[in-house]
Structure formats: C-alpha cells, structure tokens
2 protein chains.
Amino acid sequence: MLDERKRKILKEIVDEYIDTAEPVSSAIIVEKYENNISSATVRNDMAELEKAGYLEKTHTSSGRVPSAKGYRLYVDELLKYDNISLEEIKYIQEKLESKANSIEELTKIATTTLSEITHYTTVSIGPKTTGQIIEEIKFVLLGSRMLMGIIVTDTGLVRETIIKFDEDVTEEQVETLNYFFNTKLKGEPIERIDASLEQYIFRELKCSINIIKPIIEQMKKLIDDEEKIYLEGANKSFELPEFKSLELAKNFVNLLDTKEVMLDILNTGFAEDIQIYIGDENDNEDLKDFSIVTFKHSVGDKDLGTIGIIGPRRMNYSKVISVMKYISKKLNEDFEQNNK
Amino acid sequence: MLDERKRKILKEIVDEYIDTAEPVSSAIIVEKYENNISSATVRNDMAELEKAGYLEKTHTSSGRVPSAKGYRLYVDELLKYDNISLEEIKYIQEKLESKANSIEELTKIATTTLSEITHYTTVSIGPKTTGQIIEEIKFVLLGSRMLMGIIVTDTGLVRETIIKFDEDVTEEQVETLNYFFNTKLKGEPIERIDASLEQYIFRELKCSINIIKPIIEQMKKLIDDEEKIYLEGANKSFELPEFKSLELAKNFVNLLDTKEVMLDILNTGFAEDIQIYIGDENDNEDLKDFSIVTFKHSVGDKDLGTIGIIGPRRMNYSKVISVMKYISKKLNEDFEQNNK
DNA sequence: ATTAGCAGTCGAAGATATTGAGTGCTAATG
DNA sequence: CATTAGCACTCAATATCTTCGACTGCTAAT
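All values derive from a computational prediction rather than experimental measurement.

Conventions used here
Residues numbered from 1 in each chain as written. Chains lettered and ligands numbered in written order. Predicted model: local features only at pLDDT ≥ 70, side-chain atom pairs only at ≥ 80, totals over all residues. Heavy atoms only, no water. Helix = DSSP H or I, 4+ residues; strand = E, 2+ residues; numbered from the N terminus. Rg over C-alpha atoms; globule rule 2.2 N^0.38 Å. Buried < 20%, exposed > 50% of the residue type's maximum accessible area, 1.4 Å probe, protein only. Contact = heavy atoms within 4.5 Å. Areas by Shrake-Rupley, 256 points an atom, 1.4 Å probe, with all protein chains shown as cover. Lys, Arg positive; Asp, Glu negative; His and termini not counted. Charge placed at Lys NZ, Arg CZ, Asp CG, Glu CD. Buried area = accessible area lost by both parts, 1.4 Å probe. Salt bridge = Lys/Arg side-chain N within 4 Å of Asp/Glu carboxyl O. Polar contact = N/O pair within 3.5 Å; in protein donor to acceptor, adjacent residues only side chain to side chain. Near = heavy atom within 4 Å. Pairing = 2+ DSSP bridges. Axes fitted to C-alpha atoms, helices over the stretch in contact; angles between N-to-C directions. Core = buried A, V, L, I, M, F, W, Y, C linked by side-chain atoms within 4.5 Å. Expected span 1.5 Å × (residues − 1). Least-squares fit on C-alpha atoms with pLDDT ≥ 70 in both. Nonpolar A, V, L, I, M, F, W, Y, C, P; charged D, E, K, R; others polar. Phe/Tyr/Trp six-rings, centres within 6.5 Å; stacked < 30°, edge-to-face > 60°. Lys NZ or Arg CZ within 6 Å of the ring centre and 35° of its normal.

A. Region of interest: the overall build of chain A. A tally of regular secondary structure across chain A gives 13 helices and 10 strands. Whereas a compact globule of 340 residues would reach a radius of gyration of roughly 20 Å, chain A reaches 26 Å, over 25% beyond that. Dimensions of chain A, computed from the C-alpha atoms along their principal axes, are close to 85 × 40 × 35 Å. Looking at the 340 residues of chain A, the share that counts as buried comes to 53%. Expressed as a percentage of contacts within chain A between residues at least 6 apart in sequence, the contacts between residues at least 24 apart total 62%. Counting every atom, chain A has about 15800 Å² of accessible surface; 48% of that belongs to carbon and sulfur. Both charge centroids of chain A, one from 45 positive and one from 63 negative side chains, sit 2 Å from each other.

B. Broad picture of the interface of chain B and chain A. Opposite the 35 residues of chain B that make contact, chain A presents 35 residues. Between chain B and chain A, a total of about 3100 Å² is buried, with carbon and sulfur atoms accounting for 56% of that surface. Counting across the chain B and chain A interface gives two salt bridges. A salt bridge links K250 of chain B to E239 of chain A; its shortest N-O distance comes to 3.6 Å. Inspection of the region where chain B meets chain A yields 10 residue pairs in polar contact (both at pLDDT 80 or more).

C. Main features of the protein's contact with DNA strand D. Taken together, 21 residues lie around DNA strand D, and S26 of chain A together with R5, T41, T60 and S61 of chain B are the ones closest in. Here the atoms of DNA strand D within 4 Å of the protein split so that 80% fall in sugar or phosphate, with bases taking the remainder. In this structure, S26 of chain A approaches DNA strand D through a side-chain N or O atom, which is 2.7 Å from a phosphate oxygen. Between DNA strand D and R5 of chain B there is a distance of 2.8 Å, counted from a phosphate oxygen to a side-chain nitrogen or oxygen.

D. Region of interest: the sheet that holds strand β7 (residues 230-232) of chain A. Residue and element names in this part refer to chain A. Strands sit in the order β7-β3-β10-β9-β8 across an open sheet of five strands; the sheet is antiparallel. Two strands close off the open sheet at either side, each with one partner strand: β7 and β8 (274-278). The average undirected angle you get between the axes of adjacent strands in this sheet is 15°. As paired strands, strand β9 (residues 290-299) and strand β10 (residues 302-312) are joined by 10 bridges and run antiparallel to one another.

E. Focus on the sheet that holds strand β3 (residues 121-125) of chain B. All names here are of chain B. On the basis of which strands lie adjacent, the open sheet formed by five strands has the order β7-β3-β10-β9-β8 and antiparallel pairing. Every interior strand has two partners, whereas the edge strands, β7 (230-232) and β8 (274-278), have only one. With strand direction ignored, the average angle separating the axes of adjacent strands in the sheet is 15°. Relative to strand β10 (residues 302-312), β3 runs antiparallel, the two sharing five bridges. Each bridged residue has a counterpart across the sheet, and for T122 the counterpart in β10 is I309. Those strands touched by helix α6 (residues 103-118) are β3, β7 and β10, and its axis lies near 20° from that of β10.

F. Representation of unusual backbone geometry in the model. Positive phi outside glycine occurs at A21 of chain A, with the angle close to 65°. Assignment of secondary structure puts A21 of chain A in the loop between α1 (4-20) and α2 (26-32). For A21 of chain A, a relative accessible area of 18% gives the class buried. Look at K259 of chain B: it is not a glycine, yet its phi comes out positive at around 75°. On the secondary structure map, K259 of chain B appears in the loop between α11 (246-258) and α12 (260-268).

G. Inspection of the nonpolar core at higher detail. Counting 143 residues, the largest nonpolar core has Y317 of chain A together with Y317 of chain B as the members making the most contacts within it. Discounting residues that sit within four places of it in the chain, Y317 of chain B has contacts with I18, Y71, Y74, V75, L79, Y81, I276, I278, S291 and S322 of chain B.

H. Layout of the pattern of salt bridges. Tallied over the full model, the rule gives 48 salt bridges over all chains. Of the charged contacts in the structure, one is a salt bridge between K302 of chain A and D154 of chain A, with a shortest N-O distance of 3.1 Å. Pair noted here: K302 of chain A is in strand β10 and D154 of chain A is in the loop between β5 (146-153) and β6 (158-164), with a separation of 148 residues, a long-range link. Here R7 of chain B makes a salt bridge to E77 of chain B, at a shortest N to O gap of 3.2 Å. Taken together, the residues R7 of chain B in helix α1 (residues 4-20) and E77 of chain B in helix α4 (residues 68-78) connect sequence positions 70 residues apart. For E77 of chain B, a relative accessible area of 47% corresponds to the partly exposed category. The network of salt bridges with shared partners includes D3, K6 and E48 of chain A.

I. Expanded view of helix α6 (residues 103-118) of chain A. Residue and element names in this part refer to chain A. In this model α6 runs 22 Å from its N-terminal to its C-terminal C-alpha over 16 residues, within 8% of the 22 Å that 1.5 Å per residue would give. Listing the buried residues of α6 in full gives I103, L106, T107, I109, A110, T111, T112, T113, L114, S115, I117 and T118. Looking one or two residues beyond α6, the residue adopting positive phi is H119, at roughly 65°.

J. Highlighting the pairing of β10 of chain B. Across the 11 residues of β10 of chain B, 11 count as buried, placing the element largely inside the fold. Remark: two residues form the turn of the hairpin made by strand β9 (residues 290-299) of chain B and β10 of chain B, two consecutive strands paired antiparallel; G300 of chain B in that turn has positive phi of roughly 55°.

K. Looking closely at the relation of the copies chain B and chain A. Overlaying chain B on chain A yields an RMSD of 0.0 Å, the required transformation being a rotation through 180° with an accompanying axial translation of 0.0 Å. The transformation just described matches what one would write down for a two-fold rotation axis. When C-alpha positions in chain B are compared against the rotation axis, the closest is assigned to L246 of chain B, at 3.5 Å. When the interface residues of chain B are mapped onto chain A, 100% of them again lie at the interface, so the same face is used by both copies.

L. Representation of the protein's contact with DNA strand C within the structure. Around DNA strand C lies a shell of 21 residues, among which T41, T60 and S61 of chain A together with S26 and R64 of chain B are the nearest. If you look at DNA strand C and keep only atoms within 4 Å of the protein, 78% of those are sugar or phosphate atoms. At 2.4 Å, a side-chain N or O of T41 of chain A approaches a phosphate oxygen of DNA strand C. Within the residue set of the surface near DNA strand C, elements represented by two or more residues are α3 (39-51) of chain A together with α3 (39-51) of chain B. Counted by class, the surface near DNA strand C contains three nonpolar, 13 polar and five charged residues.

M. Region of the structure containing the environment of S291 of chain B. Residue and element names in this part refer to chain B. With respect to the helices, strands and loops of the structure, S291 is situated in strand β9. Residue classification places S291 among the buried residues on the basis of a relative accessible area of 0%. Sequence separation between S291 and I212 is 79 residues, and the spatial gap between their C-alpha atoms is 47 Å. Beyond its immediate chain neighbours, meaning those up to four positions away, S291 contacts Y277, I278, G279, I309, I310, G311, P312, R313, M315 and Y317. Side chain to side chain, S291 and Y317 meet in a polar contact 2.6 Å long.

N. A look at the packing of aromatic side chains. For the structure on display, the rule yields 21 aromatic pairs over all chains. Residues Y74 of chain B and Y317 of chain B carry aromatic rings whose centres are separated by 6.5 Å and whose planes lie at 70° to one another, so their mutual orientation is edge-to-face. Of the two residues, Y74 of chain B is situated in helix α4 and Y317 of chain B in helix α13 (residues 317-339); the sequence distance between them amounts to 243 residues. Neither Y74 of chain B nor Y317 of chain B differs from the other in exposure class; each is buried. Ring centres of F139 of chain B and F181 of chain B lie 4.9 Å apart, and the angle between their planes is 65°; this geometry places the pair in the edge-to-face category. A residue pair is termed long-range when its members are at least 10 positions apart, and F139 of chain B in strand β4 (residues 134-142) and F181 of chain B in helix α7 (residues 171-185) qualify at 42 residues. Cluster of aromatic residues (ring-pair linked, three or more members): F238, F243, F252 and F290 of chain A together with F238, F243, F252 and F290 of chain B. Positioned above the aromatic ring of Y54 of chain A, the side-chain terminus of K69 of chain A is 4.7 Å from the ring centre.

Below, the structure is given as structure tokens:
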C-alpha cells in the first residue's frame, strides 16, 4: 500500500519532527531530504499518508505531525537501531564495569547511565522476588530483641529485614530457627513463605508465637515489598519544548509521583525484549502525550529488574532504543560473567 | 514602630494572600476583617508597612503582597501555632503508632503523613550515621564469597551492606572478624571505621588483604552513604496557582531532582527545632519563590533524621508548623517509649 | 506520474482600545 | 492629629482587529 517513496517520506517527516518539534511542511522535506522532487509531489504523498492514518495536521493549513500509528510504523519498520557511537559504548562499559554490590545497584547504575546518554528521564524497579528460589535463609540476633532476617536467592538477590520483638530472644532459639528455615525452605520458591507457614512452624518448633508471628509478617513483606521506583533526570524532561504546556508538565509529574501507572508498565514488559509504548496506544489519559520504552532484564524466568525511559511521543527512538539495546546486552553479559 | 493596628493589618494581609494567592487590596481588608475603619485608613497603614519593607506591590496600582521580611515577621511574631484539629491529631497518632521497624521507616511514615495533612510536598532524609556509637557489629557469611556486614548503633539504627569477594571465605575467618571488630569497635563512634583501620587489621589479624580491603571499603560506604531523599506528594504542588508559571515549576523540579540544595537545607537545621526558610532570604536562585520548613529529629547530639516541607512562599505556615510541631513531639515521645 | 502556480486557510504576532481594580493624594471632618 | 470621602491617575488584563506568512489543496499543463 505504501510505496517506497512514501515510506521514505514518512520516515523523513518523523525524523524531522523529532528533531524540531514543529509540524513538518512539504517544502522542508524537499529542501532537506528530497532535492529531486517537487513540493507538490511531497504534498500529494503526505495527503495519502494522512488518509492512511500515519500523519495528522494540527489545523487545516499546518504542516504534518506523526500520529501514534505513524510512530509505530516508524519504530517497527523504518528505523535501524545502531545509532550508538564508540564514545557512548565506552562510557557505558566504564559505568557498568564499576563493580556493583547487588543486582539492584547495577540496575540503578544502568538507569543513571541511560539518562545521561539519552538526556531523557529514566526509571527502574528492582527484581521481582516472585519465582526466585531460596538458596539461603539466615537470622542474625542483634541485641536481645531484634533479629535480622536475610534471604539469598539463586539469582544472587539478597533481601534483608529487621524484626523486632516484645520479648527476649536467645541464641539457641535463633539457631533453631536457622536450622529449621534452611532445611524446610532451601530450594523452595520464595513465595512459600506465607501465613500457612506460621501455623506449621508453631506446631513443629513449639516456639513462642510471639516470635514466629513477627518473623513471618516481616519476611512476607520482603516478598511483596511495595516496589520502589528509582527515578533519574526528571528535570531533563522539563527542558523539552513540549513541557511548555502546563497541562502536559502536570501529567508528567503526576505520572511519576503516583507510581501506579509506571509500575504497571514496567511490570508488564516481556522478558529480554524491548517494549515500546507510544502515546495514545495506551488508554491512560495522563500517558497520551508520552512514550515509554522499557527493557526487562532477566535470566530464564527470573526477573532481575526493569528499566524504562519516559519522554515525549516525539522521542528520539533511534538513539533511545539503540542505547537500550546495548545496555541490555551488556547487563546480560555481566550477569553471565558473575554467575558462571 | 509598628502599632497594634498595623501589625493586625499585616497579619490580615498575609492571611488573605495565603488564602487567595492574589494581591490584597485595602477594600478587601475592610470588607473581610476591619469593618470599622475606612479603606483610606488601611491604605495609609499599607503605605507605611510597605515603606518599612513588609509589603510589596506587583505594580503601581496593584494590591499588596507580603515581602520575605513580611513573612518573617508573620511567622515569628504574628502567628500562634495551635492550628491543628482533633481529627488531624488522631490521624497522626494512628499513622505513627503503626509499628515501624526502623527509625528510617518511622521517618518515612511521618513524612507521608505530613504531606497528607498539609497537602504540600514533603521530603526527608534518614539519620546521619556520624556521631553514632557502635553497639554491635556483625558479619554473616552468605554462600562462600559473600558477606553481609551489619552495624547496630546506640540509637537503634541498623545499617547493613553486602560485601563480595574474589576468593572463598571460611566460617572461621568470619568468626575471627566478628570477634575482632566487636572487641575493637564496640562503644566507638562509627566513623572510627576508616582506611587507617585497614592496615591495623591487616597487621593484627594476618588476614588476607583481599578480604579486609573490600570489607573496609563497603563499611565506609555505609557511613557516608550518599543520602537518599525521600519525597512525597510532588504532584500536590502542581495544583497550586503559582505553578502556572512554567519558570517556577521548572525550578521546583530542578530543586527536587538535583537534590544537593535540598540536602544542604535538610542538613543545616539545628536539632529539635523547627527551621523556617523563606524565599529570598536564601541566596539560591531556584529557591527564591519557595519556602521550606524543616524539623530535625534527634536525641542528644544524635541525629535521627530530618523532615521538611517545601511549598510556595505563600505557604500556610500556621497549619504547616502546627502539624509539624505535633509530629515532632510525637516522634520524640515514641522514641523515648521504645528506648526506655 | 509529476509539477508549476495560485487561491484559500488559519494561527501567530502585533496594534489599539476598553475596562476596572487598585492606588495616592488632597481637603474636609470630629 | 488621626480618620475619611472623594477623585484623578495608573496599569494589567482582556477583547477586537489587522496583518503576515507559512502552509495546504486543487487545477491545469507537461
């Protein structure tokens, strides 16, 4: 349906719009990209591209702006994702090689780096604990009424929590707990820790319920920890021309502050693949002027965290996705390296 | 210099401006507050208040707006801070009594509650480790090449970190470390852990430097941890009329995103006292349109965290400070309770 | 299929007028 | 002398109108 030239012109229009944030006119296309055809020809093609839903006009006599459908074709078929320079590659390598002490930390470093290179706002969340296998579980007595509970999973994820008691706990009790939890839970998925465990332990261990209850309570919290979004470069977005619109700026802050929408999006991505959400493809109102690109870092079915970029629909997809592709590759390599 | 009536009128003007965000005219004052004098009288007083620097005009024929000096007099001398309702007190009690597992968590709960009640953006930082006395220090072996180091201080603060090694570590080594660190550091201020310790341990323990080095490195990081600002209700600020100004909105996002300025302010407050920063009293450009109210929670000279409210200069100081006063009192009580 | 050419559209920007919410000042008042 | 009525004056905000020019779409010629 779209011949080669129309696809080329569509790409040029999107490129130009991403660059200038201004509606693109036929004259500009001729001047900058298509020196051998006349603006009238471009206009004809534009009219057809508009009829097909790839372009929009802001008013009758304005230039064209890509529609969500236009962006979609653009990112899916018209772009190559090798828009990354040697300097950028070097910079990323440097950053990611600075040894992080945990997966979460590495994810944060990657998130920050991504924002630095792309100049967009980036977000990330840590790994979902669900599905992870308990490799080690330990309780450490701190003082006489405080315990630290630590879980290590097969992906190297470490989670710890403080548990406070109203009565003294002895070293022997802690040893019993350690022995019991390890024999029962090692090799089990982490979500095995739940309320049903409480009764079971109570029967088996004859340990005071005043001790078991807070332990299970806190350990459970570890699993479905309300997820924290790590945010980098929120102010960068405010430099973009679209943020001149107060309405839009407000939506943006709302989005980042209420978190739910972002969590939703960060959580729905599929493993190992870059997901692209373009404006009104999503039905959330606040999101309609933004695009989000996410990448879920994982091994097998185990989640290691998700990183996202949020920017205006007119985002530099080529750069963003190229850089993200590289970072994701690098993260996987590093993980293999560390766990081989 | 200012007679009673002028002070009264100043307070009324600030009250009114805080309420409406519009320059206040003499007519409004007469209508709403001073039914027994004429607007001409109020105008005369206003003129003098302006000459004395407490009021400003946005243009020759506009109403008056409080100056920073005006706000200062207002908060220092004209306000009573008992502007808190029974419902609010009850709500705060409820929130703060939900048992938190650490001081940091309690501070966060207080921060969130403060934002909920005042409808302003709130921020907080956790306790400074400096000055705290080590009560317990423990290393726990996780797997064969990973250690968790845990420090408990006299204020009940718990900090932990993961330490990774390139070689295996044995249980005996960990025991030696535990024994050594505890005998040497218990009762010492936390900042005793520094590079000089590394050599000392190396000599005393004859333990591999490959093990000691990463430990000290990580433990040091624990102390001067780059501080994380906890932020609540950033979007609430965007509902305020002053945020119609893009310039101001941008400054706000910058402020919260770059963190340094906020950290600076949160760190300079004096213990146990509510600090009020009003707009251009501060010389930071980004801050000139905002006021910040902070409270540093502490016992003795030990810091337990700082909470702040950031809003427009036209902030509801009475409400904000009243609520903060109550929360601070409550936090102290709770702490006494838990540590008695 | 392409293109030159031209009429038509409409937002952006600038000029001008209008309005009214304020003030400050003066002169009168108790 | 403090207070006040009254009035001239100021100026931001708003509305109205004009102009300008960057676009398009269409037609007719190539």
